[in-house]
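Residues per chain are reported as follows:
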Amino acid sequence: MPAGPRQTRPGAFGGRPLAPGAVAALAALVLTGCSGGSSSDSSSPANGSPTAPTAGATQPGGANQLQSDYQRVIKDVLPSVVQITTASGLGSGIVYDDKGDIVTNAHVVGTATTFTVTLAGSTKPLDATLVAGYPESDLAVIRLGSPPDGLKPATFGDSTEVDLGQITLAMGSPLGLSSSVTQGIVSATGRTVSEPGTPGSPGAVIGNMVQTSAAINPGNSGGALVNLNGEVIGINTLAATEPDSSGAAAPGIGFAIPASTVTSIADQLIKDGKVTNSGRAALGITARTYFDQNFRPAGAVVVAVAPDGPAASAGLQVGDVITRIGDTPVDSLNSLTTALASLAPGSGVAVTYSRDGRSSTADVTLGTLETP
């Protein structure tokens with residue numbers, strides 16, 4: 001089964017796990033669900049990439065130049081993309097360094113601790129073991145037992161340079177077809193996406209994801225989303241499904257974890273065997289969904305406040321019902337999690353809450369989500 005079992009957990013407020021949910025106003029998401037991923041018009045601009053032909057412009061040889069750019073990037077980056085096989089499924093990964101470390105999605109790793117890795121252009125299986133995982137951001141690192149000579153680490157790009165219309169190539173092993181490549185553009189940035197739960201995996205809420213039209217299919221998970229400079233700008237993680245079509249693919253809507261998140265988490269997993277700085281915003285509370293007198297979800301009620309934490313410093317108390325984060329309505333614990341996932345530690349936000357039937361607002365400077 002391509003893509004492997006999902007093994008993700010959501011984040012936590014004050015150490016308490018939070019339940020995932022569907023993406024608001026977009027679509028339900030499934031792990032690398034079969035997207036019909038539409039290819040972009042080759043005239044789309046490539047931000048920070050070799051010049052692509054402008055729509056409607058007459059440029060002799062322009063199409064041939066773009067094709068040459070594709071082939072150059074594929075030849076340069078594809079050797080850094082591997083296939084990962086576990087006892088229960090398969091996915092993709094990216095060679096992170098010359099020591100044999102490979103970064104991938106935590107849901108590709110699942111509960112496994114040993115793996116078979118196949119390098120691009122090779123049929124020789126290599127043994128690998130788990131370094132560590134961080135399901136809260138759906139990332140993990142595994143390590144080759146005997147890294148071969150000539151192992152080629154990928155180059156990771158600057159996430160702040162990713163922009164709409166940038167041409168992208170998605171590389172991985174969709175449906176077990178190793179070393180496959182699809183193409184598209186960056187459709188959006190800064191997406192906050194909730195991964196759905198599956199048996200044995202409750203899902204995760206991930207912020208700042210890159211949306212792409214490059215096709216992402218089962219088995220692409222953990223593979224590379226690449227720009228025309230040959231830089232990895234994200235790890236392919238999810239594709240969308242249409243909410244009213246029994247799980248049918250929503251063509252051309254895929255999501256990748258941005259390179260900045262990947263490198264931050266991977267560096268910590270390799271150095272410390274765990275994540276010590278999540279980079280995720282937190283209020284410093286434990287909360288649960290609040291239900292009104294008609295048993296409808298109507299907010300997130302605070303059940304514990306961390307001493308000297310952001311919420312405590314702003315005057316929030318146990319029993320307060322949070323109803324809004326900034327301009328984002330909060331009607332459940334999941335919506336609170338999603339709202340915070342789009343924010344950064346250290347940023348200020350207005351938190352609207354109800355206490356004893358009266359609505360108030362507190363200005364909170366967000367802290368950093370604690371790690372297990």
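Refer to the structure presented above.
Residues numbered from 1 in each chain as written. Predicted model: local features only at pLDDT ≥ 70, side-chain atom pairs only at ≥ 80, totals over all residues. Heavy atoms only, no water.

Engineer: Sorry, what's going on with the overall build of the protein here?
Structural biologist: For the protein, the helix and strand inventory stands at 5 helices and 23 strands. By residue count, 52% of the 372 residues in the protein fall in the buried class. Put simply, of all contacts in the protein between residues at least 6 apart along the chain, 65% involve residues at least 24 apart. Of the roughly 15,600 Å² that the protein leaves accessible, carbon and sulfur atoms contribute 50%. (Helix = DSSP H or I, 4+ residues; strand = E, 2+ residues; numbered from the N terminus. Buried < 20%, exposed > 50% of the residue type's maximum accessible area, 1.4 Å probe, protein only. Contact = heavy atoms within 4.5 Å. Areas by Shrake-Rupley, 256 points an atom, 1.4 Å probe, with all protein chains shown as cover.)

Engineer: Got a minute to help me understand the pattern of salt bridges in this structure?
Structural biologist: Oppositely charged side chains are able to pair whenever their charged atoms sit close together. Here the structure, examined in full by the defined rule, presents 5 salt bridges. The partner of Lys152 in a salt bridge is Asp76, with the nearest N and O atoms 3.5 Å apart. With a gap of 76 residues between them, Lys152 in the loop between β9 (139-144) and β10 (167-172) and Asp76 in helix α1 (residues 62-77) connect regions that are remote in the sequence. For Lys152, a relative accessible area of 31% puts it in the partly exposed group. (Salt bridge = Lys/Arg side-chain N within 4 Å of Asp/Glu carboxyl O.)

Engineer: Looking at this structure, I do not really get the side chain of Thr118. What am I missing?
Structural biologist: For Thr118, the location among the structural elements is in strand β7 (residues 114-118). Sequence-distant contacts of Thr118, that is, excluding residues within four places in its chain, are made with Val82, Gln83, Thr123 and Lys124.

Engineer: Would you explain the pairing of strand β11 (residues 180-194) in this entry?
Structural biologist: Residues in a regular strand project their side chains so that they alternate between the two faces of the sheet. Looking at chain direction, β10 and β11 are connected through 6 bridges and run antiparallel. In the strand pairing of β11, Met171 is matched with Val181. Note: β11 against strand β12 (residues 205-212), 5 bridges, orientation antiparallel. Residue Val193 lies in a different strand from β12, and its bridge partner there is Ile206. (Pairing = 2+ DSSP bridges.)

Engineer: Explain the pairing of strand β14 (residues 232-241) to me, please; I cannot follow it from the model alone.
Structural biologist: Across the 10 residues that make up β14, a large majority, 10, are buried. As defined by bridge partners, strand β13 (residues 224-226) adjoins β14 across 3 bridges and the pair is classed as antiparallel. When the sheet's bridge partners are listed, Leu225 is paired in β14 with Gly234. Hairpin connection of β13 to β14: 5 residues between the antiparallel strands, including Gly230 at a positive phi of 80°. Across 6 bridges, β14 lies against strand β15 (residues 249-258) in antiparallel orientation. Paired with Asn236 across the strands is Ala256, a residue of β15.

Engineer: Can you help me understand the sheet that holds strand β5 (residues 90-95) in this one?
Structural biologist: In any sheet, the strands associate via hydrogen bonds between backbone groups, in a parallel or an antiparallel arrangement. Taken in spatial order, the 6 strands line up as β4-β5-β6-β9-β8-β7 and close into a barrel, and their pairing is antiparallel. Adjacent strand axes in the sheet meet at a mean angle of 40° when their direction is disregarded. Pairing of β5 with strand β6 (residues 101-104) involves 2 bridges; the strand directions are antiparallel. Looking at β6, one finds that Ile94 is bridged to Val103. In the packing of helix α3 (residues 259-272) onto the sheet, the strands contacted are β6, β8 (125-134) and β9, and the crossing angle to β9 comes to about 55°. (Axes fitted to C-alpha atoms, helices over the stretch in contact; angles between N-to-C directions.)

Engineer: Any chance you could explain the environment of Gly172 here in plain terms?
Structural biologist: Among the structural elements, Gly172 can be located in strand β10. Placed 53 residues apart in sequence, Gly172 and Leu225 show a C-alpha to C-alpha distance of 9.1 Å. Those residues in contact with Gly172 that sit more than four places away from it in its chain are Val81, Ser92, Leu177, Ser178, Ser179, Ser180 and Asn220.

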